[in-house]
Amino acid sequence: MPVVVVESPAKAKTINKYLGSDYTVLASYGHVRDLPPKDGSVDTDDDFAMTWEIGTDSRKHVKAIADALKDDNELILATDPDREGEAISWHLEEALRKRRAIKKDTPVSRVVFNAITKSAVTEAMRNPREVDQPLVDAYLARRALDYLVGFNLSPVLWRKLPGARSAGRVQSVCLRLIVERETEIEAFNAREYWSVKALLGTARGQEYEARLTILGGKKLDRYDIANDTAAELAVQAIQSRDLSIARVEAKPASRNPAAPFMTSTLQQEASRKFGMGARQCMSTAQRLYEAGHITYMRTDGIDMAPEAVQAARDAIKDRYGAEYVPSSPRMYKNKAKNAQEAHECIRPTDMTRDAASLKLSEPDQRKLYDLIWKRTLACQMEGARMERTSVDIASDDGQVGLRATGQVVLFDGFLRVYEEGRDDQVVDDDDKRLPQIAEGEAAPKKSVTPEQHFTQPPPRYTEATLVKKMEELGIGRPSTYASVITTIQDREYVRKDKNRLFPEDKGRIVTIFLLNFFRQYVGYEFTANLEEELDDVSAGERNYKNVLNRFWKDFSVAIAETSELRITEVLDVLDDALAPQLYPPREDGTDPRVCPKCGEGQLHLKTSRTGGFVGCGNYPECRYTRPIAGEGADGDERVLGEDAGDEIWLKAGRFGPYVQRGEPTPENKKPPRASLPRGWNKDDMDLAKALTLLSLPREIGAHPEGGMITSNFGRFGPYVMHQLADEAKPVYANLKDPNDVFEIGMNRAVEILAEKRANPGRRGGGTAAKPLKELGEHPESGGPVNVMEGRYGAYVKWEKVNATIPKDVQAADVTMEQAVEWITEKAAKKKPTKRKAAAKKKAPAKKKAPAKKAATAKKAASE
């Protein structure tokens, strides 16, 4: 009975269902061996010999496979059909041979299948092969390169840039893209321009919109109307003239579907449509693949198996009709240079099954499968047919001309199923439908409106657009996109905010350091060329040790040269390189390097374990600091006012902005300070709000059983706190709304603390206990109305209103009518708590970047 080895237990379970009891199917649980994170794991003096180590968690899995081979003397390696899968098979065979679990007469074969279906698995078993050594060599080269870069470059960063975490062959290039985009945004100067639109009427009383395209007999360019004065003149030029229809032109147009998914396009579309990160997308796709629902999800290929194309065409015909099936199948050709990565596209294994029929329990799996299924069917459907109409409107003297455009869909085709998302949404005038308009008829003006615009800086990358850019530059491969993007976030070089990627200060410093001392190795072309060489290795066209030798020869010299530099020398170089960004000209013309606080010290770039910052050279007499983003940036400190003789400061720290009373002195080394709660915008801070925060903790009142109840903000957010005489330590109960710190009343505080004491193991004291009775939604205002068990008896709860149930009414007998009556009475009696200055939550102002996160982890990574 052959032993079949796959990566995961989920995959093993699915395959075992198809192979039956004639096979023993076991899981390796991913990679079983790796290079130990110590010096010498890749011996550059011994022809790049590699020392491998079986992971602690993997030993039991390797043992289980070895034990199975004692009874079943045949091994079939059925890991994934890509480079990583081939490497796992190679590692397993090597590890088992070292254990002598594989005997001389033990047959060892490799099988691959692109989909976990009965037909695909059965076909693979009929066509075994040996482990693909060129593909393994490509893996060895990549792993050795990643080790050599990470293990040699990361310590240089630690020594020269305190707070830096790691550098990697691909991750550092990816980080450079994000940092350079941020620099472009900061250097961008918006340009003002105007457009003019007119609302026109038809002879039949309908209306349509047209934009000004000709003024003074000249065709307008984008920036020709530069200011409000020019715009007003343009408006007057239109209003002072009669307009008529000069030309109406209707043209047929068509639109074809996008190609089926490969790894990068799936990640991009999942990000656009669902906000899924690359790692989340690939993890979800992996589960769908292992369950047998989709084909393999790491691929550069967009071609589809002929039988799958026919199945898609049949499914389209059955669901939507023959008119949606093109006369001949649509063929998509692979663009990938590396055939080893170009498996079939990502598609459903059964075209007839939509997401609803699979009954998937996980929402992410449902959404992603639905996306893949729709995209796959759409790629084999008829194109959409449209009619695009353009109407030119002109004055009799030819001095003014306007244009209206629109389109109508004549046949929706693939659009009935699926439409590809866009990275940055734009309003397309062509999407509008125009009324019936005839040449020569008058175009009466209903209104003429000028509109101001400003040019926009390039948008920050999303994970989707970053993957797209990496793909365009040839950086990384389908198996690495998600891990690279995840790594730079885990290292806290980059943070994701509202789906956009922002570089942290330490990410900027690391990038500038690498650009100045290791420029070649973070070069886009160099990295792409190296990827091509590794692709050649996987195709058997290049020796991987030659690639390693050529790389190490130059890289080791660069490491040695940089290691001899002192930190002050490195900081001087970085200070000069960042000077235009660190010290931009001031509006008053004063020297931007002079400290704005003491007026004497010179500003200079400094580093700490949390990243880079600008500080005054007169430290410790002057403690002025600000982030490297420049004066006025997110963390720049300022005085909000004075209170009791103390200056009240707004500053930035490791964990974000905070307010502080006074400055540190020898007598008072730690002056009072308070962090801004989540949702508070530092740009809205004033003296009153700062004093409100500095006055915390707030005393709510004396608990009925003794002791003061207080509210405050802590590490995990807002909370109430109380300690009974017989309790060893205080009880903390979380609050959901930050404003509750300033507004919560005595009754609700007692209730929340009682719930917390009743459920001490459950984090979040504000989480309601299980209702005694659920009455349903409030008939007038919505929201659940429940009967709850309280410390002092049963009560009715609706939102923040708690109404006591009369003693003569049993909790089980309460009706919705009674509950609403009690809630209404309670709400009418409840006096509104006076809201303090800081309580009102305002929309955050649009700034360069929110406050940075703290750096906590210490482990270096290689990619």
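### Focus: the environment of Asp318
Positionally, Asp318 belongs in helix α10 (residues 306-320). The spacing of Asp318 and Leu582 is 264 residues in sequence and 64 Å in space, taken between C-alpha atoms.

### Details of the environment of Arg638
Note on placement: Arg638 falls in strand β21 (residues 638-643). When residues no more than four places from it in sequence are discounted, the contact partners of Arg638 are Ile648, Trp649, Leu650, Lys682, Asp683 and Met685.

### Some details on unusual backbone geometry
The omega torsion of the bond from Tyr619 to Pro620 falls at 10 degrees, within 30 degrees of zero and hence cis. Relative to the elements of secondary structure, Pro620 occurs in the loop between β19 (611-616) and β20 (625-627). Positive phi values are uncommon outside glycine, yet Glu492 reaches one of about 60 degrees. Looking at Glu492, the relative accessible area reads 11%, which means it is buried. If you check the backbone angles, Glu799 has positive phi at about 50 degrees while not being a glycine. In this structure, Glu799 sits in the loop between β31 (793-798) and β32 (801-804). For Glu799, a relative accessible area of 52% translates into the label exposed.

### Section: the pattern of salt bridges
Scanning the entire structure with this criterion turns up 50 salt bridges. Put simply, Asp67 and Lys70 hold a salt bridge, and the shortest N to O gap is 3.4 Å. Here Asp67 pairs with Lys70, and both are found in helix α2 (residues 59-71), just 3 residues apart, close to one helical turn. In this structure, a network of salt bridges that share partners links the residues Glu7, Lys11, Asp80, Asp82 and Arg298.

### Observations concerning the nonpolar core
Grouped together as the largest cluster of nonpolar side chains are 156 residues, with contacts concentrated most on Leu368, Phe513 and Phe518. Looking at this core element by element, the count peaks at 13 residues for helix α5 (residues 133-160). Excluding its chain neighbours within four sequence positions, the residues that come into contact with Phe518 are Leu153, Phe513, Phe555, Ala558, Ile559 and Thr562. Grouped together as the second largest cluster of nonpolar side chains are 26 residues, Leu650, Trp680, Ile700 and Ala749 included.

### Description of the sheet that holds β32
Spatially, β29-β30-β31-β32 is the arrangement adopted by the 4 strands of the open sheet, whose pairing is antiparallel. Of all the strands in the sheet, the pair left with one neighbour each is β29 (773-777) and β32. Across the sheet, the axes of successive neighbouring strands diverge by a mean angle of 25 degrees, strand direction being ignored. Sheet topology note: the β29/strand β30 (residues 784-790) ladder contains 4 bridges and is antiparallel. Looking across to β30, one finds that Glu777 is bridged to Pro784. Against the sheet, helix α23 (residues 816-829) touches β29, β30, β31 and β32, its axis set at about 110 degrees to β32.

### Some remarks on the sheet that holds strand β23 (residues 656-661)
With antiparallel pairing, the 4 strands of this open sheet are ordered in space as β21-β22-β23-β24. Looking at the sheet topology across the chains shown, the edges are occupied by β21 and β24 (673-675). This sheet shows a mean twist of 25 degrees between the axes of neighbouring strands, independent of strand direction. Pairing analysis gives 5 bridges linking β21 to strand β22 (residues 646-653), with the strands arranged antiparallel. Its bridge partner being in β22, Glu642 is matched across the sheet by Glu647. Sheet contacts for helix α20 (residues 687-694): β21, β22, β23 and β24; angle to β23, the most-contacted strand, approximately 85 degrees.

### Section: the side chain of Glu727
By the secondary structure assignment, Glu727 is in the loop between β27 (717-722) and β28 (731-734). Within the local environment of Glu727, its side chain forms a polar contact with the side chain of Arg757, the two groups lying 2.7 Å apart.

### Side note on helix α3 (residues 83-98)
An ideal rise of 1.5 Å per residue puts 22 Å on 16 residues; α3 measures up with 22 Å between its terminal C-alpha atoms. When you tally the buried positions in α3, you get 12 out of 16 residues, the bulk of the element. All buried positions along α3 are accounted for by Arg83, Gly85, Glu86, Ala87, Ile88, Ser89, Trp90, His91, Leu92, Glu93, Ala95 and Leu96.

### Structural notes on the pairing of β22
Between β21 and β22, which pair antiparallel in sequence order, lie 2 residues; one of them, Ala644, sits at a positive phi of approximately 55 degrees. Taken together, the 6 bridges between β22 and β23 define a ladder with antiparallel strand orientation. When the sheet's bridge partners are listed, Leu650 is paired in β23 with Val659.

### Structural notes on the environment of Lys98
In this fold, Lys98 is placed in helix α3. The sequence separation of Lys98 and Glu743 amounts to 645 residues, and the corresponding C-alpha distance is 68 Å.

### A word on the packing of aromatic side chains
The full count for this structure, using the stated rule, is 19 aromatic pairs. Both rings, one in Trp52 and one in Trp90, keep their centres 6.2 Å apart while their planes meet at 75 degrees; by these two values the pair is edge-to-face. Separated by 38 residues along the polypeptide, Trp52 in the loop between β5 (49-50) and β6 (53-54) and Trp90 in helix α3 bring together distant segments of the chain. For Trp52, a relative accessible area of 15% translates into the label buried. Given the relative accessible area of 13%, Trp90 is considered buried. Judged by centre distance (6.2 Å) and plane angle (20 degrees), the ring pair of Trp52 and Tyr139 falls under stacked. On the criterion of sequence distance, the pair formed by Trp52 in the loop between β5 and β6 and Tyr139 in helix α5 is long-range, its members being 87 residues apart. Both residues of the pair, Trp52 and Tyr139, count as buried. Taken together, the aromatic side chains of Phe513, Phe517, Phe518, Tyr521, Phe526, Phe551, Trp552 and Phe555 make up a single cluster linked through ring pairs.

The rules behind each value
- Residues numbered from 1 in each chain as written.
- Predicted model: local features only at pLDDT ≥ 70, side-chain atom pairs only at ≥ 80, totals over all residues.
- Heavy atoms only, no water.
- Helix = DSSP H or I, 4+ residues; strand = E, 2+ residues; numbered from the N terminus.
- Contact = heavy atoms within 4.5 Å.
- Buried < 20%, exposed > 50% of the residue type's maximum accessible area, 1.4 Å probe, protein only.
- Salt bridge = Lys/Arg side-chain N within 4 Å of Asp/Glu carboxyl O.
- Core = buried A, V, L, I, M, F, W, Y, C linked by side-chain atoms within 4.5 Å.
- Pairing = 2+ DSSP bridges.
- Axes fitted to C-alpha atoms, helices over the stretch in contact; angles between N-to-C directions.
- Polar contact = N/O pair within 3.5 Å; in protein donor to acceptor, adjacent residues only side chain to side chain.
- Expected span 1.5 Å × (residues − 1).
- Phe/Tyr/Trp six-rings, centres within 6.5 Å; stacked < 30°, edge-to-face > 60°.

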